[in-house]
Amino acid sequence: MNTSPDRVIIFDTTLRDGEQSPGAALNVDEKLTIARALARLGVDVIEAGFPHASPGDFEAVQKIASSVGSEADSPIICGLARATQKDIKSASDALRPAAKPRIHTFLATSDIHLQYKLKKTRQEVLEIVPEMVAYAKSFLDDVEFSPEDAGRSDPEFLYQVLERAIAAGATTVNIPDTVGYTTPSEFGALIRGIKENVPNIDQAIISVHGHDDLGLAVANFLEAVKNGARQLECTINGIGERAGNASLEELVMALHVRRSYFNPFLGRPPESTEPLTKINTKEIYRTSRLVSNLTGMIVQPNKAIVGANAFAHESGIHQDGVLKHKLTYEIMDAESIGLTNNQIVLGKLSGRNAFRSRLQELGFELSETELNNAFIQFKEMADRKKEITDRDLEAIVNDEIDTVPDHFRLELVQVSCGNNARPTATVTIRTPDGSELSDAAIGTGPVDALCKAINRVVQIPNELISFSVREVTEGIDALGEVTIRLRYEGRTYSARAADTDIIVASARAYVSALNRLHVALQQKEKTPKMLQV
């Protein structure tokens, strides 16, 4: 194995660490959908989950291994495991269908974690790490080890742990800034110290993992690359525990745009035009939207690279400059991340084959059932909109692949409101037993009345904690997207829906979120809380 590659390996942990974002829980089918998108994006490694954490996580990792990771040219499929035999064995079993499986095991090394969480001595850790790495190695050749909270660990002790992990067979050693504490110069020095003081470091790839608590994760990673790190562990849209993880799209585009600056650190001449990662940058925007839709985590408008305002110019001076020459105020082309301005692509007279072909051009792979359902939505939308754009089609397809269980189904929604009127909503919902129930409610506004009416029918206790609306397309007949987040017993359930009628979109999103909650209530087995690295 080349332990000093002349490019940067992208390790995506959206499905593991990213899913730990409050309210971002995904079901197995949704994880599989995202995994397929990550493979199209070109990530090198997909950390598919934590198999021993729950039966659902085990199933998800296993399905991703067999469906996305079974070919010789597939991404590496990785499963997380604590440094215990049970965790490692579960990861090995779940990863068995993958052509290129990896076990990622971890154990804390900072004194604060040893004292208060593990209640172990340094000597005990020095004995556990090589034993568990060797145990993982007995199942797979590709083993990654992480000293949790490395950013706050004693460097001298960290060097000893890493040396023993590599000697036991770790082919990648990951250095996590678990709590987002370090600054770029500190993190770069940590990586440099590891390269200089771990005798067998040339036998492993140095990886980095970090959280964005101080907003420094991406900067820390770029400094790590300059000092010898060759694998970056990141997530789409930067989602993850607390303030999130280092953002994949920001890292990739920073390396892409500033290639001439980073080339020498990877042993290349500054003028080299070879990409520094294997990422297909034109898939970035679509993957970002998919993850946002399925997790319910909205991308803030001013988010770098994929935010709605990332390529917008309102200042007159900026607009004038961009019109004269894009490079005056744009350092990258919107099309480089797959953001296009395609207008009418299909109309209400377009047939099913044309619809299928356009979706294939956009990179969507739908089953016959999904295609049929999406085509019905397309026809309904075409009757209401004069212009159907690629973004409309994207919203339709994302609606269809948003695999929320359809236990409760919205059949009718009608709202009455206005100035000097009491907002009233009437709904009809098909219940899990097949019966149709209708009810009405009065609220402070149309959405409040709507939610109250739905609750009267469904009768599932919940607290609405977030309601947001954004436009998907432009114009008076724009498609509006509603995201709903509910909370019950400390857990959050998210869903979204798009429609030209915001009230209809609100009702559909609310019912979808309730369906997620309904499924959770049906599951008697409680899922243990996943640990972070």
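Structure: see above.
Everything in this summary refers to the structure shown in the same document. (Residues numbered from 1 in each chain as written. Predicted model: local features only at pLDDT ≥ 70, side-chain atom pairs only at ≥ 80, totals over all residues. Heavy atoms only, no water.)

Quick word on the overall build of the protein chain
If you tally the helices and strands in the protein chain, you get 17 helices and 14 strands. A compact globule built from 533 residues should have a C-alpha radius of gyration of about 24 Å, and the protein chain, at 25 Å, falls within 12% of that. Counting only C-alpha atoms and orienting by the principal axes, one finds that the protein chain spans roughly 75 × 60 × 45 Å. Taking all 533 residues of the protein chain together, 54% fall into the buried category. By sequence separation, contacts in the protein chain at least 24 residues apart represent 67% of the contacts at least 6 residues apart. Accessible surface for the protein chain amounts to roughly 23200 Å². Of this, 49% is attributable to carbon and sulfur atoms. (Helix = DSSP H or I, 4+ residues; strand = E, 2+ residues; numbered from the N terminus. Rg over C-alpha atoms; globule rule 2.2 N^0.38 Å. Buried < 20%, exposed > 50% of the residue type's maximum accessible area, 1.4 Å probe, protein only. Contact = heavy atoms within 4.5 Å. Areas by Shrake-Rupley, 256 points an atom, 1.4 Å probe, with all protein chains shown as cover.)

Some thoughts on the sheet that holds strand 8 (residues 231-234)
Read once around its circumference, the closed barrel built from eight strands follows the order 1-2-3-4-5-6-7-8, with strand pairing classed as parallel. Across the sheet, the mean angle from the axis of one strand to that of its neighbour is 25°, orientation sign disregarded. In the sheet, strand 6 (residues 172-177) pairs with strand 7 (residues 205-210) via six bridges, with the strands oriented parallel. Its bridge partner lying in strand 7, I175 is registered against V208. (Pairing = 2+ DSSP bridges. Axes fitted to C-alpha atoms, helices over the stretch in contact; angles between N-to-C directions.)

Comments concerning the packing of helix 8 (residues 217-226) against helix 9 (residues 248-257)
At their nearest, the axes of helix 8 and helix 9 sit 10 Å apart, and the two run at 45° to each other. Taken together, the axes of helix 8 and helix 9 are oblique relative to one another. Crossing angle aside, the handedness with which helix 8 passes helix 9 is right-handed. For the pair helix 8 and helix 9, contact is made by V218, F221 and L222 and by E250, L251, A254 and L255, respectively. Of the residues in the contact of helix 8 with helix 9, the class split is six nonpolar, no polar and one charged. (Parallel < 35°, antiparallel > 145°, perpendicular 65-115°, else oblique. Left-handed = near helix turned anticlockwise from the far one by under 90°. Nonpolar A, V, L, I, M, F, W, Y, C, P; charged D, E, K, R; others polar.)

Points about the sheet that holds strand 13 (residues 480-488)
Ordered in space as 12-13-14, the three strands form an open sheet in which the pairing is antiparallel. Edge positions in the open sheet fall to strand 12 (463-471) and strand 14 (491-499), since each of these has one partner strand only. On average, each strand axis in the sheet is tilted by 15° relative to the strand beside it, whichever way the strands run. Sheet topology places strand 12 next to strand 13; eight bridges connect them, and they run antiparallel. Within strand 13, the position partnered with S468 by the bridge is T483. Across the face of the sheet, helix 17 (residues 502-522) comes into contact with strand 12, strand 13 and strand 14 while running at roughly 150° to strand 14.

Description of the pairing of strand 2 (residues 45-49)
Most of strand 2 sits inside the fold, with five of its five residues counted as buried. The β-α-β motif built from strand 2, the intervening helix 2 (residues 55-67) and the parallel element strand 3 (residues 76-82) has right-handed crossover chirality. (Right-handed = clockwise from strand over helix to strand, strands pointing away.)

Overview of the side chain of N245
Checked against the element boundaries, N245 lands in the loop between strand 8 and helix 9. Within the structure, the side chain of N245 is placed 3.4 Å from the side chain of H209, a separation counted as a polar contact. Not counting residues up to four positions away in its chain, the partners in contact with N245 are T13, D17, H209, G210, H211, D212, T235, G238, I239 and G240. (Polar contact = N/O pair within 3.5 Å; in protein donor to acceptor, adjacent residues only side chain to side chain.)

So, a nonpolar patch on the surface
Together, L464, F467, V469 and I502 make up an exposed nonpolar region whose accessible area comes to about 290 Å². Among the elements that line the nonpolar patch, the one with the most residues is strand 12, at three residues. If you trace the backbone, F467 turns up in strand 12. Its relative accessible area of 33% is what places F467 among the partly exposed residues. (Patch = residues over 30% accessible without salt bridge, like charges linked within 9 Å, V, L, I, M, F, W, Y side chains within 5 Å. Salt bridge = Lys/Arg side-chain N within 4 Å of Asp/Glu carboxyl O.)

Some remarks on helix 3 (residues 85-95)
Within helix 3, eight of the 11 residues are buried, which leaves it mostly tucked inside the rest of the structure. Looking at helix 3, one finds that the buried residues are D87, I88, S90, A91, S92, D93, A94 and L95. Contacts made by the buried residues of helix 3 are with helix 2, strand 3, strand 4 (101-108) and helix 5 (122-137).

Description of the packing of helix 1 (residues 28-41) against helix 2
Between helix 1 and helix 2, whose axes approach to 9 Å, the crossing angle comes to 35°. The handedness of the crossing between helix 1 and helix 2 comes out as right-handed. On helix 2, the residues that touch V28, D29, K31, L32, A35 and R36 of helix 1 are G56, D57, E59, A60, K63, I64 and S67. Per-class residue counts for the contact of helix 1 with helix 2 are five nonpolar, two polar and six charged.

Some details on helix 7 (residues 184-197)
The terminal C-alpha atoms of helix 7 lie 20 Å apart, and with 14 residues this matches the ideal 20 Å at 1.5 Å per residue to within 8%. Inspection of helix 7 places F187, G188, L190, I191, G193 and I194 among the buried residues, and these make up the whole buried set. Summarising the contacts, the buried residues of helix 7 are in contact with helix 6 (155-167), strand 6, strand 7 and helix 8. (Expected span 1.5 Å × (residues − 1).)

A few points about the pattern of salt bridges
This model, assessed by the stated rule, comprises 33 salt bridges. Here E148 ties to K117 by a salt bridge, and the two come within 2.6 Å at their closest N and O atoms. With E148 in strand 5 (residues 143-148) and K117 in helix 4 (residues 111-118), this residue pair connects regions lying 31 residues apart in the sequence. With a relative accessible area of 3%, E148 lands in the buried category. Exposure remark for K117: the relative accessible area of 41% places this residue in the partly exposed category. Across the salt bridge formed by R286 and E283, the nearest N and O atoms sit 2.8 Å from each other. Overall, the relative accessible area of 14% leaves E283 in the buried class. Through salt bridges with shared partners, one network takes in R409, E411, R430 and E436.

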